[in-house]
Number of protein chains: 2
Amino acid sequence: VTHTALGEGREFDRVRSIALALGDRATGLGDDCALLTPPEGLLAVSTDVSVEAVHFRLEWMDYKEIGWRAAAAALSDLAAEGAEPAGLLAAVVVPASATDAQLTALVSGVGAAGDSVGAPVIGGDLSSGGCWSIAVTVLGWTARPVGRSGARPGDGLWVTGALGGARAALAAWRRGDEPLPEARSAFVRPEPRVDAGRWLAAHGARAMIDLSDGLGGDAPHLAAASGVLLDLTLDALPLAPAAADEARRAGMPPETFAAEGGEDYELLAALPPAFAEADRLEFERECGLALNRIGAVGAGHGVRAHLRGVPVTLTGYRHFS
Amino acid sequence: VTHTALGEGREFDRVRSIALALGDRATGLGDDCALLTPPEGLLAVSTDVSVEAVHFRLEWMDYKEIGWRAAAAALSDLAAEGAEPAGLLAAVVVPASATDAQLTALVSGVGAAGDSVGAPVIGGDLSSGGCWSIAVTVLGWTARPVGRSGARPGDGLWVTGALGGARAALAAWRRGDEPLPEARSAFVRPEPRVDAGRWLAAHGARAMIDLSDGLGGDAPHLAAASGVLLDLTLDALPLAPAAADEARRAGMPPETFAAEGGEDYELLAALPPAFAEADRLEFERECGLALNRIGAVGAGHGVRAHLRGVPVTLTGYRHFS
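Reading guide: rules and limits
- Residues numbered from 1 in each chain as written.
- Chains lettered and ligands numbered in written order.
- Predicted model: local features only at pLDDT ≥ 70, side-chain atom pairs only at ≥ 80, totals over all residues.
- Heavy atoms only, no water.
- Helix = DSSP H or I, 4+ residues; strand = E, 2+ residues; numbered from the N terminus.
- Buried < 20%, exposed > 50% of the residue type's maximum accessible area, 1.4 Å probe, protein only.
- Contact = heavy atoms within 4.5 Å.
- Buried area = accessible area lost by both parts, 1.4 Å probe.
- Salt bridge = Lys/Arg side-chain N within 4 Å of Asp/Glu carboxyl O.
- Polar contact = N/O pair within 3.5 Å; in protein donor to acceptor, adjacent residues only side chain to side chain.
- Axes fitted to C-alpha atoms, helices over the stretch in contact; angles between N-to-C directions.
- Left-handed = near helix turned anticlockwise from the far one by under 90°.
- Nonpolar A, V, L, I, M, F, W, Y, C, P; charged D, E, K, R; others polar.
- Least-squares fit on C-alpha atoms with pLDDT ≥ 70 in both.
- Pairing = 2+ DSSP bridges.
- Parallel < 35°, antiparallel > 145°, perpendicular 65-115°, else oblique.
- Core = buried A, V, L, I, M, F, W, Y, C linked by side-chain atoms within 4.5 Å.
- Phe/Tyr/Trp six-rings, centres within 6.5 Å; stacked < 30°, edge-to-face > 60°.

Counting its regular elements, chain A contains 10 helices and 12 strands. Viewed in the frame of its principal axes, chain A has a C-alpha envelope of about 65 × 50 × 30 Å. Expressed as a percentage of the 321 residues in chain A, the buried residues total 60%.

Before going further, it helps to spend a moment on the interface of chain A and chain B. Each partner contributes residues to the interface: chain A has 58 residues there, and chain B has 58 residues. Taken together, both faces of the contact between chain A and chain B bury some 4500 Å²; the carbon and sulfur share is 60%. On inspection of chain A and its partner chain B, the count reaches 0 salt bridges. Taken together, the links from chain A to chain B amount to 3 residue pairs in polar contact (both at pLDDT 80 or more). Secondary structure elements with two or more residues in the side of chain A that touches chain B: β1 (34–36), β2 (42–51), α2 (63–81), β3 (84–95), β4 (121–129), β5 (133–142), β7 (207–210) and α7 (214–226) of chain A.

All names here are of chain B. Axis separation between helix α6 (residues 194–202) and helix α10 (residues 277–287) bottoms out at 10 Å; the angle between their running directions is 145 degrees. Pair α6 / α10 crosses with right-handed handedness. Taking contact as the criterion, the partners of Asp195, Ala196, Trp199 and Leu200 in α6 are, on α10, Asp279, Glu282, Phe283, Glu286 and Cys287. When the residues that make up the contact of α6 with α10 are grouped by side-chain class, the tally is 5 nonpolar, no polar and 4 charged.

By a simple turn and slide, chain A fits onto chain B: the slide is 0.0 Å along the axis, the RMSD is 0.0 Å, and the turn is 180 degrees. Between the two chains, the operation in question is that of a two-fold axis. Looking at chain A, 100% of its interface residues are interface residues in chain B too, so the copies touch through the same face.

Before going further, it helps to spend a moment on the environment of Leu200(B). All names here are of chain B. Residue placement: Leu200 occurs in helix α6. A C-alpha to C-alpha distance of 9.5 Å links Leu200 and Ala270, two positions 70 residues apart in sequence. Residues within four places of Leu200 in sequence aside, it is in contact with Thr160, Ala205, Met208, Leu267, Ala269, Leu271, Phe283 and Leu291.

All names here are of chain A. At Ala53, a residue that is not glycine, the phi angle is positive and equals roughly 75 degrees. Unusually for a residue other than glycine, Glu263 sits at a positive phi of about 70 degrees. Topologically, Glu263 is positioned in the loop between α9 (254–259) and β9 (267–271).

Here we come to the sheet that holds strand β8 (residues 229–233) of chain A. Residue and element names in this part refer to chain A. The strand order across the open sheet built from 7 strands is β7-β9-β6-β10-β8-β11-β12, with neighbouring strands paired in mixed fashion. Because the sheet does not close on itself, it has two edges, and the strands there are β7 and β12 (310–312). If you compare each strand with its neighbour and ignore which way they point, the axes differ by 30 degrees on average. Both β8 and strand β11 (residues 302–307) contribute to a ladder of 5 bridges, which runs parallel. Bridge pairing in β11 places Leu229 opposite Gly302. Packing of α2 onto the sheet brings it into contact with β7 and β9, and relative to β7 it is tilted by some 170 degrees. Across the sheet, α7 touches β7, β8, β9, β10 (291–298) and β11, and the angle it forms with β7 is around 150 degrees.

All names here are of chain A. The full count for this structure, using the stated rule, is 34 salt bridges over all chains. With its nearest N and O atoms 3.7 Å apart, the salt bridge here joins Arg249 to Asp245. Placement of the pair is Arg249 and Asp245 together in helix α8 (residues 241–250), with a separation of 4 residues, close to one helical turn. Within this structure, Glu65, Glu178 and Arg184 form a network of salt bridges that share partners.

Right, let's talk about the packing of helix α4 (residues 165–175) of chain B against helix α5 (residues 181–188) of chain B for a bit. Residues and elements named next belong to chain B. Axis separation between α4 and α5 bottoms out at 7 Å; the angle between their running directions is 105 degrees. Viewed along their axes, α4 and α5 adopt a mutual orientation that is roughly perpendicular. Residues Gly165, Ala166, Ala168, Ala169, Leu170 and Trp173 of α4 lie in contact with α5, whose contacting residues are Ala183, Arg184, Ala186, Phe187 and Val188. Its residues assigned to classes, the contact of α4 with α5 shows 9 nonpolar, 1 polar and 1 charged.

Here we come to the sheet that holds strand β9 (residues 267–271) of chain B. Residue and element names in this part refer to chain B. Within the open sheet, the 7 strands sit side by side as β7-β9-β6-β10-β8-β11-β12. Their pairing is mixed. Each edge of the open sheet is held by one strand with a lone partner, namely β7 (207–210) and β12 (310–312). On average, each strand axis in the sheet is inclined to that of its neighbour by 30 degrees, with strand direction left out of account. Where helix α2 (residues 63–81) meets the sheet, it contacts β7 and β9, and its direction lies at approximately 170 degrees from that of β7. Across the sheet, α6 lies against β6 (156–160), β7, β9 and β10 (291–298), angled at about 5 degrees from β9, the strand it touches most.

Residues Val92(B), Leu106(B), Trp132(B) and Leu200(B) are the most contacted members of the largest nonpolar core, which totals 73 residues. Residue contributions to this core peak at 11 residues, all from α2(B). Those residues within four positions of Leu106(B) in sequence are excluded, and the remaining contacts are Tyr63(B), Lys64(B), Ile66(B), Gly67(B), Val92(B), Trp132(B) and Ile134(B). Counting residues in hydrophobic clusters, the runner-up holds 70 residues, among them Trp68(A), Ala70(A), Ala196(A) and Ala205(A).

This paragraph deals with the packing of aromatic side chains. By the definition in use, this model includes 14 aromatic pairs over all chains. Seen in terms of ring centroids, Trp173(B) and Phe187(B) are 5.2 Å apart; in terms of plane orientation they differ by 80 degrees. Their pairing is edge-to-face. Of this pair, Trp173(B) sits in helix α4 while Phe187(B) sits in helix α5; the two residues are 14 residues apart in sequence, bridging distant segments of the chain. In this structure Trp173(B) comes out as buried when scored by relative accessible area, which is 9%. Ring centres 6.1 Å apart and planes at 90 degrees place the aromatic pair Trp199(B) and Phe275(B) in the edge-to-face group. Taken together, the residues Trp199(B) in helix α6 and Phe275(B) in the loop between β9 and α10 connect sequence positions 76 residues apart. Take Trp199(B) and Phe275(B): they sit in the same class, and that class is buried. Ring pairing ties together the aromatic residues Trp158(A), Trp199(A), Phe275(A) and Phe283(A), which thus form one cluster.

Rendered as structure tokens:
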């Protein structure tokens, strides 16, 4: 790992500490720009900002988790494009009261999330400010990008993993309880579905989106971009185990609780009609992750959902501030 | 200009308003990732965050200027690399009290700065938060990147434009005065030196850095990265007109005032010994910008500055919070 030497000063001491803490998870820090050699294909790039008291609270998570989560949320957009991550940059606003150890832990979390999908930290910026915020920009390469606009009537709608875990954690914290470990982990350490996204892109996915705002929030974007109707069978939703208990406390069906919960960072994909059970099993074997068919694409506009035969109007997830 | 259609909701209404306000200055907003086709060469990428009360104050500037300045500060890093801008992304944190018109004006300023150097807005993110902050990530292409590490003993040290204008504006505001128009403009509407940076890269620049933290702040980085001594003759510093008056009020030599002032976003370049007066004139003619030789690279470490034969210890610029 090589970094560019910097002059003296507290900000640059911090950059040096960060480079040391990141080790092999960072490359080329300290110059004006990061440099990447393009392979064949297109560059995919996305930016995502996480703000204290809007996207996370300091009482709920440690700094490494805050960094992981901020980076994973951004990397999830590469996953939804079917892109291979190449690197990330983090612009961090640091409160005056923060310690260097807190900042280093946060950036270590960013680096760990990037490292989990092969994306080193290739740049960033530091500023003081009133509260923590982390703007993560991710870069990746893709020979065949999967946008939101390619879903066609007849396609199946599929979702990776399980839904409702992050919302279950939020509900527990708000009540003053500690979430179940599996729910807490879903919120503080979401896994960007990069392998799953690349697998689905290579197996004919026509459109994908990551469920940062929940199925209720994100399905309408895919419907609008593709100019189609998404018909969702909520009975088929894969539920995170903790979602059932929290849904009962909230007096809601667990499927609706899960469909309207955000921050799960699973992928919603429109796959062609030929995508069959054998393909599903191959996905689950190769990606180590569930894949479930939760509806179909039809002619029309918007999203229609039903649960046990009864129409349901879904709302999207909104951040808690 | 094509954008991806989005579903309903206030955040997405804001994205639609922004896309409308940006017009041709934005492309492909609304999908998970922006996509770029790489030409020959390397991708250069940099991120820069501007925070209310740290990098700017709302009393001093309008929202369009805030956006311009945030983007120009980031684009300046591409200029220092000698790269050709290809696009930018803006992650904006918006206070709850902000109006849609303020946000749109700010993003229009970002778009105008990008447009001035051929970089459309290709993506972004919005979040609520306690105060304004704008993290701008810039992307560019370069066949021959100019880092900070290539300066060699015998090279000349050159600076574009004039220094001290932005500091003069800050000094006037802090005193409660309105800055002179030229000084105000240097602070609120810095021009990223993209053409100059590309010209210098094409004419053999060995190392460059943009003077965001002032000559006193940034020269040590170039010295450290290159492992050389920078010997600065402050007598030769090109001074912004307003700097002389503000330096007198501050009881400082104008050259020291200018060398220690930040936010000018001019370029400091190490050019080979063969770079001559005829080359300088060609630069000024083609770039419409001054270029002055302010010192030389020697063997050793760090920065040595003198003014009228007397050694001067320069400090770097620090943001005002």
